[in-house]
Amino acid sequence: MAFLNSGQACAAGTRLLVPKSRLDSVKRAIQEGMRAFTVGDPADPKTVVGPMVSQRQYERVQSYIRKGIEEGAEVLVGGEGHPDGLDVGFFAKPTVFVNVKNDMTIAREEIFGPVLCVIAYDSEEEAIRIANDSKYGLHGAVLGTDLERARRVASRLRTGRVVINGMTDDPQAPWGGFKYSGVGREYGRYGIEAFVEPRAILEV
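What counts as what
Position numbers for residues start from 1 in each chain and track the written sequence from start to end. Where local features are concerned, this predicted model is filtered to residues with pLDDT of at least 70; where side-chain atom pairs are given and counted, the filter is 80 or more; whole-chain, interface and lining totals use all residues. The basis for every side-chain value is the complete set of heavy atoms in the structure, and neither hydrogens nor water enter the calculation. Cavity and pocket criteria rest on a 1 Å grid covering protein atoms alone: a 1.4 Å probe that fits but cannot get out defines a cavity, protein on both sides within 12 Å along at least 5 of 7 lines defines an open pocket, and an atom within 4 Å of a point defines a lining residue. Grid points are joined across faces, edges and corners, and a volume is the space filled by probe spheres set on the points. Gly falls in the polar group here, along with every residue not listed as nonpolar (Ala, Val, Leu, Ile, Met, Phe, Trp, Tyr, Cys, Pro) or charged (Asp, Glu, Lys, Arg). We treat two strands as partners when DSSP finds at least two bridges between them. Here a strand is any run of E in DSSP of at least two residues, a helix any run of H or I of at least four, and the numbering for each starts at the N terminus. Note on geometry: axes are C-alpha line fits, over the in-contact stretch for helices, and angles between N-to-C directions span 0 to 180 degrees. In this analysis, rings of Phe, Tyr and Trp, with Trp reduced to its six-membered ring, are considered paired at centre separations within 6.5 Å, and the interplanar angle assigns stacked below 30 degrees, edge-to-face beyond 60, and tilted for intermediate values. A ring has a charge above it when a Lys NZ or an Arg CZ is no more than 6 Å from the ring centre and no more than 35 degrees off the ring normal. A simple rule labels every residue: compare its accessible area, found with a 1.4 Å probe on the protein chains alone, to the largest value its type can have, and call it buried under 20%, exposed over 50%, or partly exposed in between. This arc corresponds to the set of directions leading from the helix axis out to the C-beta atoms. By definition in these notes, contact holds between two residues if any of their heavy atoms fall within 4.5 Å. The term polar contact refers here to a pair of N or O atoms within 3.5 Å; inside protein, the definition further demands a hydrogen-donor-capable atom paired with an acceptor-capable atom, and it admits residues adjacent in sequence only when both atoms are side-chain atoms. Only buried Ala, Val, Leu, Ile, Met, Phe, Trp, Tyr and Cys residues count toward a nonpolar core, and they belong to the same one when joined by side-chain atoms within 4.5 Å. Salt bridge, as used here, is a side-chain nitrogen of Lys or Arg placed within 4 Å of a carboxyl oxygen of Asp or Glu.

## Description of the layout of surface pockets
Of the volumes computed, that of the second largest pocket is approximately 230 Å³. Lining the second largest pocket are 14 residues, with Lys20, Val100, Lys101, Ile119 and Ala120 positioned closest to its centre. Considering only residue class, the lining of the second largest pocket consists of seven nonpolar, two polar and five charged.

Right, dumping it as structure tokens:
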């Protein structure tokens, strides 16, 4: 989810909230899984992460990576610069930060690049508070084996759409966010309503 369209997608996940008790195993899983994230030519079926859309965006992503390091986050995978063997083009290293606090710039702002922030929490209530502590509210995700609990948490997230245990889409479901993440909704009847002008006839 974090590296969807090389991170250049409004629905790309930028924060991964992890229980502190599972943090070490999640870090190991990320390091192992990232080995399969091939960076390169987007026309190559093996490529998972392509280039940034422009030099300006590449430089913007690099500035966020530097900012994360300056503010005390730890680079688990990736970091500044180009991936090995890709010195030409606007390729950024898929980067995962750990030891991220939710008040850090990389956790507060939209990077639109292949950068993921891992934030640890102690309790479900703290996780929900961190998730909702954002000026954005377009898309979220809940991952877990207890489906009822996942649904309960999803219902408390202040985002326009929440997916549970995966990434999916439904053109009949509304698409749009809360807070700074847009006004109104697209798709299904919710999107059609934006183009309809209701009228009223009142009879006394």
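Having seen it, we continue.
## Quick look at the sheet that holds strand S1 (residues 15–19)
Taken in spatial order, the four strands of this open sheet run S1-S4-S3-S2, and their pairing is mixed. Bordering the open sheet on either side are S1 and strand S2 (74–77), each of which pairs with just one other strand. Averaged over all pairs of adjacent strands, the angle between strand axes in this sheet comes to 30 degrees, irrespective of strand direction. Where strand S3 (residues 95–98) meets strand S4 (residues 115–121), three bridges bridge the pair, whose relative direction is parallel. What sits directly across from Phe97, in S4, is Cys117.

## Considerations on the packing of aromatic side chains
Per the counting criterion, the structure on display carries one aromatic pair. Aromatic pair Phe3 and Phe37: ring centres 5.2 Å apart, planes at 75 degrees, arrangement edge-to-face. Highlighted residues: Phe3 in the segment before S1 and Phe37 in the loop between helix H1 (23–33) and helix H2 (55–70), separated in sequence by 34 residues. Between the NZ or CZ atom of Lys135 and the centre of the ring of Tyr180, over which it lies, the distance is 5.7 Å. The ring of Tyr190 carries Arg189 above its face, with NZ or CZ at 4.5 Å from the centroid.

## Quick word on helix H4 (residues 124–132)
The set of residues buried in H4 consists of Glu124, Ala127, Ile128 and Ile130. End-on, the buried residues of H4 take up no more than an arc of 165 degrees, which puts them together on one face. Those residues of H4 that are buried lie in contact with S1, S4 and helix H5 (147–155).

## Digging into H5
Restricting attention to buried positions, one finds in H5 the residues Ala150, Val153 and Ala154. Along H5, the residues classed as buried sweep out an arc of 100 degrees about the axis, all on the same side. Residues of H5 that are exposed and angled more than 90 degrees away from the buried face: Glu148 and Ser155. Contacts from the buried residues of H5 go to H4, strand S6 (139–142) and strand S7 (161–164). Its side-chain oxygen at 3.3 Å from the backbone nitrogen of Glu148, Asp146 defines the N-terminal cap of H5.

## Thoughts on the nonpolar core
Ranked by internal contacts, the top residues of the largest apolar core, which has 19 residues, are Val61, Ala73, Phe97, Val100, Ile106, Ile111 and Val115. At the level of elements, H2, helix H3 (105–108), S4 and H4 are the ones that each hand at least two residues to this core. Apart from the residues lying within four places of it in its own chain, the contact partners of Phe97 are Ile65, Gly68, Ile69, Ala73, Glu74, Val75, Ile106, Val115, Leu116, Cys117 and Val118. Judged by nonpolar contacts, the second largest core, of 17 residues, contains Phe3, Val18, Val26 and Leu86.

## Thoughts on the environment of Val163
Take Val163: it is sitting in strand S7. For the pair Val163 and Ala29, spaced 134 residues apart in the sequence, the C-alpha separation amounts to 21 Å. Look past the residues within four positions of Val163 in its chain and what remains in contact with it is Met1, His139, Gly140, Ala141, Val142 and Thr168.

## Some points on the pattern of salt bridges
Scanning the model with the defined rule gives twelve salt bridges in all. In this structure, the salt-bridge partner of Arg129 is Glu126, at a minimum N-O distance of 3.8 Å. Of this pair, Arg129 and Glu126 both sit in helix H4, three residues apart, which is roughly one turn of that helix. One salt-bridge network, in which partners are shared between bridges, spans Glu124, Arg149 and Arg152.

Remember, this is a structural readout, not a statement about activity or role.
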